[in-house]
Amino acid sequence: LGNYHNAVQVIKERNPFPAIIGRICPRPCELDCRRNYIDEPVAINFLKRYAADYERQSGKRVLPYKAPETDHRIAVVGGGVEGLSAAFFAARLGHQVTVFEATSNLGGLLRSAIAKERLPEEILTWDIEGILEMGVEAENGKVLGQDFTVATLLRQGFETVFLATGGWDSRLARGIVIEEHLPIAGTYLMVDWLNLAGKDNATASCPTDVVIYGGGRLALKTARICRDRGAQRVTILLRENRSEAGFSDVDLDELGITGLQIVYNAGLQRLVGQDDSLERIEYVDLHSRKKTSVSAQGLIIAAGRFPELIFTASKIDAPEIGESSDQPLQWEATAPYKQPVLGNEIGLFAEGDVLADYSAAIKAIGAGRRAAASLHQVIHGLEPALSGHVIMTDADVQNVDHVENVAATRRQIMPICSGPELAVCGEIERGFTEDMARAEADRCLQCGLICYEHSEASPVKEESTA
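(A) Region of interest: the overall build of the protein chain. Tallying secondary structure elements over the protein chain gives 14 helices and 14 strands in all. Compactness check: the protein chain gives a C-alpha radius of gyration of 25 Å against a globular reference of 23 Å for 466 residues, within 12% of the reference. By principal-axis analysis of the C-alpha atoms, the protein chain measures approximately 80 × 75 × 50 Å. When the 466 residues of the protein chain are sorted by exposure, 45% land in the buried category. Of the roughly 23,400 Å² that the protein chain leaves accessible, carbon and sulfur atoms contribute 50%.

(B) Spotlight on the state of the cysteines. Applying the stated criterion across every chain yields a total of 1 disulfide. Note on cysteine connectivity: Cys 417 is disulfide-linked to Cys 425, with sulfurs 2.0 Å apart. Because the torsion about its S-S bond is -90°, the bridge between Cys 417 and Cys 425 counts as left-handed. By relative accessible area, Cys 417 is classed as buried at 7%. Residue classification places Cys 425 among the partly exposed residues on the basis of a relative accessible area of 31%. Of all cysteine sulfurs, the one in Cys 25 lies closest to Cys 29, which takes part in no disulfide; the gap is 6.2 Å. Just so you know, Cys 226 is unpaired, no disulfide at all, and the nearest cysteine sulfur is the one on Cys 206, 3.4 Å from it. For Cys 226, a relative accessible area of 0% puts it in the buried group.

(C) Local environment of the pairing of strand β4 (residues 160–163). Of the two faces of β4, the one carrying Thr 160 and Phe 162 and the one carrying Val 161 and Leu 163 are both buried. Pairing geometry for strand β1 (residues 73–77) and β4, over 4 bridges, is parallel. For Ala 75, the partnering residue across the bridge sits in β4 and is Val 161.

(D) Expanded view of helix α4 (residues 81–92). Compared with the 16 Å implied by 1.5 Å per residue over 12 residues, the 16 Å span of α4 between its first and last C-alpha is a close match. The element α4 is extensively covered by neighbouring structure, given that 12 of its 12 residues are classed as buried. Following α4 by one or two positions, Gly 94 adopts a phi angle in the positive range, close to 100°.

(E) Inspection of the sheet that holds strand β12 (residues 298–301) at higher detail. Here we have 5 strands laid out as an open sheet, ordered β5-β12-β6-β7-β8, and parallel in their pairing. Edge positions in the sheet fall to β5 (187–189) and β8 (261–263), since each of these pairs with one other strand and no more. Sheet twist, expressed as the average angle between the axes of neighbouring strands with direction ignored, equals 20°. Across 5 bridges, the pairing between strand β6 (residues 209–213) and strand β7 (residues 233–237) is parallel. Counted as the bridge partner of Tyr 213 is Leu 237 from β7. Where helix α9 (residues 190–198) meets the sheet, it contacts β5, β6 and β12, and its direction lies at approximately 90° from that of β5. The sheet strands contacting helix α10 (residues 217–228) are β6, β7, β8 and β12, and the helix crosses β7 at an angle near 165°.

(F) The arrangement of the packing of aromatic side chains in detail. Summed over the entire model, instances satisfying the criterion amount to 7 aromatic pairs. Pairing Phe 100 with Phe 148 gives two aromatic rings, centres 5.1 Å apart and planes at 40°, and the pair type is tilted. Note that Phe 100 is positioned in strand β2 (residues 96–101) and Phe 148 in the loop between β3 (137–140) and α7 (150–155), a separation of 48 residues in sequence. Note on Phe 100: relative accessible area 4%, which makes it buried. One residue, Arg 369, lies across the ring of Phe 89, its end atom 5.8 Å from the ring centre.

(G) Expanded view of the side chain of Arg 305. Checked against the element boundaries, Arg 305 lands in the loop between β12 and β13 (310–313). Of the residues examined, Arg 305 reaches a relative accessible area of 2% and is grouped as buried. Here Glu 82 takes part through its side chain, which lies 3.4 Å from a polar atom of the side chain of Arg 305. There is a polar contact of 2.6 Å between the side chain of Arg 305 and the backbone oxygen of Ala 356. Among all residues touching Arg 305, those that are not within four sequence positions of it are Glu 82, Gly 166, Gly 167, Leu 189, Phe 349, Val 354, Leu 355, Ala 356, Asp 357 and Tyr 358.

(H) The pattern of salt bridges, seen in detail. Enumeration according to the criterion identifies 33 salt bridges in this entry. Between Asp 39 and Arg 443 there is a salt bridge; the shortest N-O distance is 2.8 Å. You can see Asp 39 sitting in the loop between α2 (18–24) and α3 (44–58) and its partner Arg 443 sitting in the segment after α14 (434–441), a full 404 residues away along the chain. Put simply, Arg 23, Arg 49, Asp 53, Arg 56, Glu 427 and Glu 429 are held in one network by salt bridges that share partners.

(I) Spotlight on the nonpolar core. Ranked by size, the top nonpolar core spans 40 residues in total, and within it Leu 237, Leu 271, Ile 281, Leu 299, Phe 311 and Trp 331 carry the most contacts. In terms of residue count, α7 provides more of this core than any other element does, 4 residues in total.

Conventions adopted
- Residues numbered from 1 in each chain as written.
- Predicted model: local features only at pLDDT ≥ 70, side-chain atom pairs only at ≥ 80, totals over all residues.
- Heavy atoms only, no water.
- Helix = DSSP H or I, 4+ residues; strand = E, 2+ residues; numbered from the N terminus.
- Rg over C-alpha atoms; globule rule 2.2 N^0.38 Å.
- Buried < 20%, exposed > 50% of the residue type's maximum accessible area, 1.4 Å probe, protein only.
- Areas by Shrake-Rupley, 256 points an atom, 1.4 Å probe, with all protein chains shown as cover.
- Disulfide = S-S within 2.5 Å.
- Pairing = 2+ DSSP bridges.
- Expected span 1.5 Å × (residues − 1).
- Axes fitted to C-alpha atoms, helices over the stretch in contact; angles between N-to-C directions.
- Contact = heavy atoms within 4.5 Å.
- Phe/Tyr/Trp six-rings, centres within 6.5 Å; stacked < 30°, edge-to-face > 60°.
- Lys NZ or Arg CZ within 6 Å of the ring centre and 35° of its normal.
- Polar contact = N/O pair within 3.5 Å; in protein donor to acceptor, adjacent residues only side chain to side chain.
- Salt bridge = Lys/Arg side-chain N within 4 Å of Asp/Glu carboxyl O.
- Core = buried A, V, L, I, M, F, W, Y, C linked by side-chain atoms within 4.5 Å.

Below, the structure written as structure tokens:
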């Protein structure tokens, strides 16, 4: 107790936004606090806020340890919570990271969707500056698909590019209703493509081979329009089986599209392209795990966001793809590994994957951390994969169902500013005093500390060699 700077350093091992999260988090960790078996959970989030506020008020920045420089360059597209988190954790791994943000300021929805009484501007700025002090660079006012493309970044020497552009809430905050500058070559969100097609926009003309991913009955409508607009082969990929697809054989007969292929139980897994064009996609059978590659110059996705993808250049082309090179650049894109509890899921937009924006900043931080680990693996020639030694909710160490011999103690209540006081306070929640923080920290049962007792009276016996 009392070493607040070290506390901040520990917090930043897994959370680059301690002052922010200490104010806005819905505190899911407190649901698993074992004091719930006695009285009330420890105010974990408020304690993190206290330590982070102590750091800020001291003026002395505390940064977590980072690995030696690796000289590997990573581009992160999107300066919201997920993108900044991915950049932060990749920098901790020693990589050189540049964030490209479409707006004039970093922060994403943290800056535009949260009342200043909940999250003051100076708090947001403080935590973001801490990420930049880790060595992360940022270029604002750069729109993917307009000012640069994934291919141009790869030509500039970035070994990987991570896409974290956010979902519909992020777009509306930027004043974008229809995405006309495509972040991923040849790839549309279904809602954008149908809006463009409905306006008889020439942008919505279709290439020869089109793949539609998801959408149920709306996928059939999209397929019909694609054929009318020039597509010769249309493939619909559905994660559902035939009975769950949302349409019947009668619907297909009424549609009357010859050559339409519908693949059930399919997960979209990989995109492959050249320069600023999509060439093909790879999908996997969710039952057999068999992979299939199909030609696709156009991809239409039924989701509220472009998927989180990691782009790399073809290893064959890598030595020759400088900015001055005339050689076509071959690239491929795959997703980061999934959150541990859903690690067996495969393909984009599987169960548990986010379909628009994250419901809480803490979840976006987790996604950014998984992305950084996946980027690190890809750089070293590995497929993104979760370690096999992760503690899950059903692990034996998690089987505590009661606590004994612990006295009940009152949880500290966050002091609140009244309406007339807000002009002076600036925040609705005042924050803990030091006495309150120490009293609350005393309630912690220190569940994360596991003692291994070694007795000198029982030395390890050497094996007999007889």
